[in-house]
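Chain residues, written in single-letter form:
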Amino acid sequence: MHVLITGGTGLIGTAVVAELLGHGHTVTGLARSDASARAVEAAGGTALRGSLADLDVVRGGADRADGVVHLAFANDFSSPEALAQAVAEETAALTTMGEALAGSDRPLVTVSGTPWVPGRLSTEADPLPTDGPVGGRGRTVNAILELASRGVRSSAVRLPRTVHNQGNGGFAGLLTTIARQTGVSGYPGDGTQRWPAVHALDAAVLFRLALESAPAGSAWHAVDDEGDSVRDIATVIGRRLGLPVESVPAETFGPLGPIFATDQPSSSAATRAGLGWEPTHPRLLTDLENLEP
Ligand SMILES: NC(=O)c1ccc[n+]([C@@H]2O[C@H](COP(=O)([O-])OP(=O)(O)OC[C@H]3O[C@@H](n4cnc5c(N)ncnc54)[C@H](OP(=O)(O)O)[C@@H]3O)[C@@H](O)[C@H]2O)c1
């Protein structure tokens, strides 16, 4: 299959590009800078110069592809306005790619996030949250899955809070960044809230499996660790960086504070059974041992 990928130069996208190329697919990667274009080409793909905001470029790329994997996101959590702008940009691009594939039965695999349900593991059958600071992303994913009724084999790979590689990435990566900035490895509340996690190389396999065979309108969980306590995560980070480990106010984490404070364990039992996905790479607390002071 010839695949258009957005976000193919990111922590997760790099792994997805390698996974696709390693299984006989060819890849065109949206690249918003010369450096990103060079990275796509060096990985073995073809660069498509443009950003998510260049809707004509994105539409043309989807028109020419046998399938699309969408991962790009500005990841700007610096203010509520910046986050809203990132969500709006992603929505426009994803909607454009979905419309380009309508009536073709071609696959569109979009990134999403695992939901949270008080008191139990969330499952693939639970609905996405559609309010809160990133609720717009959930509404967009739901609209993409509804394109199943218009001849798009759309599916969503829901990622856990931390997708990691060499100890970097995701919410645990943000904890590490803030620890380096503040000199304290902090966690909100009592730190007993749990976050799910997966290694990027395992998540990449699930993106490929969804592209190749997920039924239209389906959602999958790329979850290996069902839930690590945030205090355990902060404890490894603090030890690796030589910093004290303490509870800190939720405001320390900006617009993500309420999400950081939420217990949100998740299951991938239906994904393992449905697509035969089995993670094999190190879990988060082991991978964090790769952090250097
Ligand atoms: N890592 C995690 O733990 C995690 C967890 C849950 C969900 N996710 C989601 O998974 C996706 C990928 O995450 P990641 O950790 O791999 O992110 P990342 O390392 O920050 O990579 C982001 C990717 O998106 C591209 N990008 C950003 N804004 C763009 C724009 N305006 N136009 C074109 N490309 C743009 C970047 O291109 P450049 O290389 O040019 O910067 C890069 O390829 C995101 O949607 C993220 O929200 C990640």
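Up top you'll find the structure we're talking about.
Not measured: the values here are computed from a predicted model.

Details of the sheet that holds strand 11 (residues 225–229)
Each strand in a sheet pairs with its neighbour through backbone hydrogen bonds, running either in the same direction (parallel) or in the opposite one (antiparallel).
Alright, step 1. The three strands are arranged 7-9-11 in an open sheet whose pairing can be described as mixed. Strand pairing shows two members of the sheet lacking a second neighbour, strand 7 (162–164) and strand 11, which therefore form its edges. Going across the sheet, the axis of each strand differs from the next one's by a mean of 40°, ignoring polarity.
Alright, step 2. Pairing of strand 9 (residues 194–199) with strand 11 involves three bridges; the strand directions are antiparallel. Bridging from a neighbouring strand, arginine 194 pairs with serine 229 of strand 11.
Alright, step 3. Against the sheet, helix 8 (residues 230–241) makes contact with strand 9 and strand 11, and its axis sits at roughly 70° relative to strand 11, the strand it touches most.

Re the site of the ligand
Alright, step 1. As a matter of local geometry, the ligand sits amid 25 residues, with Thr9, Arg32, Ser36, Arg137 and Val163 nearest to it.
Alright, step 2. In this structure, isoleucine 12 approaches the ligand through a main-chain N or O atom, which is 2.8 Å from an oxygen atom.
Alright, step 3. In the complex, the protein chains occlude 82% of the 900 Å² of accessible area that the ligand would expose alone.
Alright, step 4. Those elements giving two or more residues to the shell around the ligand turn out to be helix 1 (11–21) and strand 7.
Alright, step 5. A per-class count over the shell around the ligand returns twelve nonpolar, nine polar and four charged.

Quick word on helix 8
Alright, step 1. Along its twelve residues, helix 8 runs 16 Å from first to last C-alpha, staying within 8% of the 16 Å computed at 1.5 Å per residue.
Alright, step 2. Looking only at helix 8, the buried set comprises Val230, Ile233, Ala234, Val236, Ile237, Gly238 and Leu241.
Alright, step 3. Buried residues belonging to helix 8 abut helix 6 (170–182), strand 8 (185–188), strand 9, strand 11, strand 12 (245–248) and helix 11 (284–287).
Alright, step 4. Following helix 8 by one or two positions, glycine 242 has its phi on the positive side, about 70°.

Here we look at the packing of helix 1 against helix 7 (residues 200–213)
Alright, step 1. Where helix 1 contacts helix 7, the axes come no closer than 8 Å and their chain directions differ by 55°. The pairing of helix 1 with helix 7 is recorded here as oblique in orientation. Our pair here, helix 1 against helix 7, has a crossing hand that is right-handed. Contacts between helix 1 and helix 7 pair Leu11, Ile12, Ala15, Val16, Glu19 and Leu20 from the former with Ala200, Leu201, Ala204, Val205, Phe207, Arg208 and Leu211 from the latter.
Alright, step 2. For the contact of helix 1 with helix 7, the per-class residue count stands at eleven nonpolar, no polar and two charged.

Some points on the side chain of aspartate 202
Alright, step 1. By the element assignment, aspartate 202 lies in helix 7.
Alright, step 2. Despite being buried, aspartate 202 has no salt bridge partner; arginine 283 is the closest side chain of opposite charge, sitting 7.9 Å away.
Alright, step 3. Look past the residues within four positions of aspartate 202 in its chain and what remains in contact with it is Asp224, Trp277, Glu278, Pro279, Thr280 and His281.

A few points about unusual backbone geometry
Alright, step 1. A positive phi angle, close to 50°, is found at asparagine 75, a residue other than glycine.
Alright, step 2. Tracing the backbone through its elements, the reader meets asparagine 75 in the loop between strand 4 (67–70) and helix 4 (80–101).
Alright, step 3. A positive phi angle, near 55°, is found at glutamine 166, a position not held by glycine.
Alright, step 4. Its location among the elements puts glutamine 166 in the loop between strand 7 and helix 6.
Alright, step 5. A relative accessible area of 48% means that glutamine 166 is categorised as partly exposed.

Conventions and cut-offs
Residues numbered from 1 in each chain as written. Predicted model: local features only at pLDDT ≥ 70, side-chain atom pairs only at ≥ 80, totals over all residues. Heavy atoms only, no water. Pairing = 2+ DSSP bridges. Helix = DSSP H or I, 4+ residues; strand = E, 2+ residues; numbered from the N terminus. Axes fitted to C-alpha atoms, helices over the stretch in contact; angles between N-to-C directions. Contact = heavy atoms within 4.5 Å. Near = heavy atom within 4 Å. Polar contact = N/O pair within 3.5 Å; in protein donor to acceptor, adjacent residues only side chain to side chain. Areas by Shrake-Rupley, 256 points an atom, 1.4 Å probe, with all protein chains shown as cover. Nonpolar A, V, L, I, M, F, W, Y, C, P; charged D, E, K, R; others polar. Expected span 1.5 Å × (residues − 1). Buried < 20%, exposed > 50% of the residue type's maximum accessible area, 1.4 Å probe, protein only. Parallel < 35°, antiparallel > 145°, perpendicular 65-115°, else oblique. Left-handed = near helix turned anticlockwise from the far one by under 90°. Lys, Arg positive; Asp, Glu negative; His and termini not counted. Salt bridge = Lys/Arg side-chain N within 4 Å of Asp/Glu carboxyl O.

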